[in-house]
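# Structural overview
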Amino acid sequence: MTGASAGPDFVLHRTAQASARIVSEHITDGDHIGLTWGRTLFELVCALPARALQGVQLVQVMGNIDNGSVPSYAMETLTTAASLLHAEQAHALPCPILVANPSLQRSLISAIRVKEVLARARECTTILLNLALSDEPSFLNISGYFKS
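Model, not experiment: these values are computed from the prediction.

Definitions and cut-offs
Residues numbered from 1 in each chain as written. Predicted model: local features only at pLDDT ≥ 70, side-chain atom pairs only at ≥ 80, totals over all residues. Heavy atoms only, no water. Buried < 20%, exposed > 50% of the residue type's maximum accessible area, 1.4 Å probe, protein only. Helix = DSSP H or I, 4+ residues; strand = E, 2+ residues; numbered from the N terminus. Arc of directions from axis to C-beta. Contact = heavy atoms within 4.5 Å. Pairing = 2+ DSSP bridges. Right-handed = clockwise from strand over helix to strand, strands pointing away.

This part is about helix α2 (residues 39–47). Among all positions in α2, only Leu41, Phe42, Leu44 and Val45 are buried. End-on, the buried residues of α2 take up no more than an arc of 160°, which puts them together on one face. Where α2 is buried, its residues contact α1 (8–26), α3 (74–84) and β4 (126–128).

Turning next to unusual backbone geometry. Not every positive phi belongs to a glycine, and Tyr73 is a case in point at roughly 65°. Its identity is not glycine, yet His86 carries a phi of approximately 50°, on the positive side. With respect to the element layout, His86 can be found in the loop between α3 and β3 (89–91). When its relative accessible area of 46% is taken as the criterion, His86 is described as partly exposed.

Locating Leu78 in the fold gives a position in helix α3. On a C-alpha basis, the gap between Leu78 and Phe42 in space is 8.6 Å, while along the polypeptide they are 36 residues apart. With near-sequence residues (within four places) excluded, Leu78 lies in contact with Leu35, Leu58, Gln60, Ala90, His91 and Ala92.

The next thing to look at is the pairing of strand β2 (residues 57–60). Of the two faces of β2, the one lined by Gln57 and Val59 and the one lined by Leu58 and Gln60 are each fully buried. In terms of strand pairing, strand β1 (residues 32–35) meets β2 through four bridges, oriented parallel. Bridge assignment links Leu35 to a residue of β2, and that residue is Gln60. In the classification by handedness, the crossover that spans β1, the intervening α2 and the parallel β2 is right-handed. Inspection of the sheet shows β2 paired to β3 by three bridges, in the parallel sense. By the bridge assignment, Gln57 is partnered in β3 with Gln89.

Here it is, written out as structure tokens:
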């Protein structure tokens, strides 16, 4: 393959489609599905076939980035999956992915809504996550979380 069809966007799209087929085969009624975020996972979720499942719950299992100019697709992934899978409930994790201060971390973890979502995350039967190499242009790198 040559040209634009073999570029990164093409590879991402094809990877997401193939992954969505596999994921869809393993999602069943009553599943509690944990979701992270990122472009690849968002593309995977968009490629899922719509299914009228019963009792599915979705839980965001990773906090978000705090840079509005860098899209993480966190809420888009959660809401799209909820719509396509007819999820009974979808829970966002309302906190940043990383904090530098341990006391802030303890405060966030003790916040009632964060506590509730983390408890639901422990009940997940499946977790879909997005892996990226640390030297790649990932959202965490672009957002400035990893600076030398």
